[in-house]
Amino acid sequence: MTPQPSTARRTRYAAVAMAGAVIYAVVDVVLHLLPPHYNPISDAESNLAVGPFGWIMNLNFLGRAAMTFCLIAAVNGTGPASGLRRTGTGLLAVGGVCSGVLTFFSTDVHDAGTSVPRISTVEGAIHLYVSGLGFLAAMAAFVSLTLWIRTSPQLRTAYPAALAFTLLAGAGLASLGLAIALAPELLGLAERICLVGILGWAFAVCAAIRRPVTRAL
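Definitions and limits used
- Residue positions are given per chain, counting from 1 as you read along its sequence in written order.
- It should be noted that, the model being predicted, local features are given only for residues of pLDDT at least 70 and side-chain atom pairs only at 80 or more, the latter also being counted only at that level, while totals for whole chains, interfaces and linings use all residues.
- The side-chain figures draw on all heavy atoms in the structure; neither hydrogens nor water molecules are used.
- In this analysis the probe radius is 1.4 Å and the grid spacing 1 Å, with only protein atoms considered; a cavity is a set of points the probe fits into but cannot get out of, a pocket is an open set with protein on both sides within 12 Å along at least five of seven lines, and lining residues have an atom within 4 Å of a point.
- Grid points are joined across faces, edges and corners, and a volume is the space filled by probe spheres set on the points.
- Residues were grouped as follows: Ala, Val, Leu, Ile, Met, Phe, Trp, Tyr, Cys and Pro as nonpolar; Asp, Glu, Lys and Arg as charged; and all remaining residues, including Gly, as polar.
- For helices the rule is a DSSP run of H or I covering at least 4 residues; for strands it is a run of E covering at least 2, with both sets numbered from the N terminus onward.
- Each residue's exposure class comes from its accessible area (1.4 Å probe, protein chains only) as a fraction of the maximum for that residue type: buried when under 20%, exposed when over 50%, partly exposed otherwise.
- The nonpolar core is taken to be a set of buried Ala, Val, Leu, Ile, Met, Phe, Trp, Tyr and Cys residues, with the residues joined through side-chain atoms within 4.5 Å.
- Two residues qualify as a contact provided that any one of their heavy atoms is within 4.5 Å of a heavy atom in the partner residue.
- Expected helix span is computed as 1.5 Å times (number of residues minus one).
- In this analysis, rings of Phe, Tyr and Trp, with Trp reduced to its six-membered ring, are considered paired at centre separations within 6.5 Å, and the interplanar angle assigns stacked below 30 degrees, edge-to-face beyond 60, and tilted for intermediate values.

When its volume is computed, the second largest pocket comes out at roughly 180 Å³. Every residue lining the second largest pocket is listed: Y24, A25, D28, V29, H32, R192, L195, V196 and L199. Its residues placed into classes, the lining of the second largest pocket shows six nonpolar, one polar and two charged.

A separate point is the environment of A174. Residue placement: A174 occurs in helix 5 (residues 159-181). On the accessibility criterion, A174 (46% relative accessible area) is partly exposed. Along the backbone, A174 and A190 are 16 residues apart, and their C-alpha atoms lie at a distance of 8.2 Å.

What follows deals with the nonpolar core. If you look at the biggest cluster of nonpolar residues, it comprises 50 residues, and the most contacted ones within it are M57, L71, L92, I149, I198, W201 and I209. Secondary structure elements with two or more residues in this core: helix 1 (5-31), helix 2 (54-76), helix 3 (83-102), helix 4 (122-151), helix 5 and helix 6 (187-209). Examining the composition of this core, we find that twelve residues originate from one element, helix 6, more than from any other. Beyond its immediate stretch of four places on either side in the chain, L71 contacts A17, L92, W201, A202 and C206.

Moving on, we get to unusual backbone geometry. Cis geometry marks the peptide bond from P35 to P36; its omega dihedral reads -5°. Among the structural elements, P36 can be located in the loop between helix 1 and helix 2.

Another aspect to go through is the side chain of E191. Here E191 shows up in helix 6. E191 has contacts with A44, E45, F135 and L176, leaving out every residue within four places of it along the chain.

A word on helix 3. Taking 1.5 Å as the rise per residue, helix 3 with 20 residues should run 28 Å; its terminal C-alpha atoms sit 29 Å apart, in good agreement. Regarding helix 3, the residues found buried are R85, G88, T89, L92, G95, G96, C98, S99, G100 and L102. Along its buried surface, helix 3 packs onto helix 2 and helix 4.

Let us now look at the packing of aromatic side chains. Evaluation of the coordinates by the stated rule reveals one aromatic pair. Each ring, one from F142 and one from W201, has its centre 4.4 Å from the other, and the planes form 20°; the classification is stacked. On the criterion of sequence distance, the pair formed by F142 in helix 4 and W201 in helix 6 is long-range, its members being 59 residues apart.

The next thing to look at is empty space enclosed by the protein. Here the idea is plain: a probe the size of a water molecule rolls over the atoms and shows the empty space left. Going through the model one piece at a time under the given rule, you end up with two cavities of 30 Å³ or more. Looking at the largest cavity, its volume works out to about 200 Å³. Contributions of two or more residues to the lining of the largest cavity are made by helix 2, helix 3, helix 4 and helix 6. By residue class, the composition of the lining of the largest cavity is eleven nonpolar, six polar and one charged.

Right, dumping it as structure tokens:
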């Protein structure tokens, strides 16, 4: 019994994506401990990219983009192609590009005591709209890919986790809209719930992809 060459490649991509998801989360947490001290409950994650340590968060955005494309490579190396998989990975690519773009356009940090996102510069407008597009693209990608996973012999066991994280990301995205309209003091919490769903989905699916597939010679 020997590993298939395609299996070795996809497991490497999956391992890198898993590491990327963990590193992204750890960096996000650490940055909250550095000045300026943003509130993770009320402040948008993008605020971490502004200030003396903002360059670290900008690198983290690039890391999330790289993680996304490793995830795409791992998924594309698993099982036969299908319409759902092509749609999902295409939408994931949009989300990955959006994450990279955020690096070059800083958000407009709101005034103290005001949590509602507001636009005061062109750069801030680009950041806000690209960020929104990235979240929506990732959400649509996970819906498509979770449906594909349900029918994939190689990944069917990952379906419960993929579905759970998709629902969590969807709840976070819906909460984000409600927070902007009704409870801006909870905007940061809603965004981070969505991010947990996104990173958790990537980690869980990549963990399933890394399970060895062998064939007899």
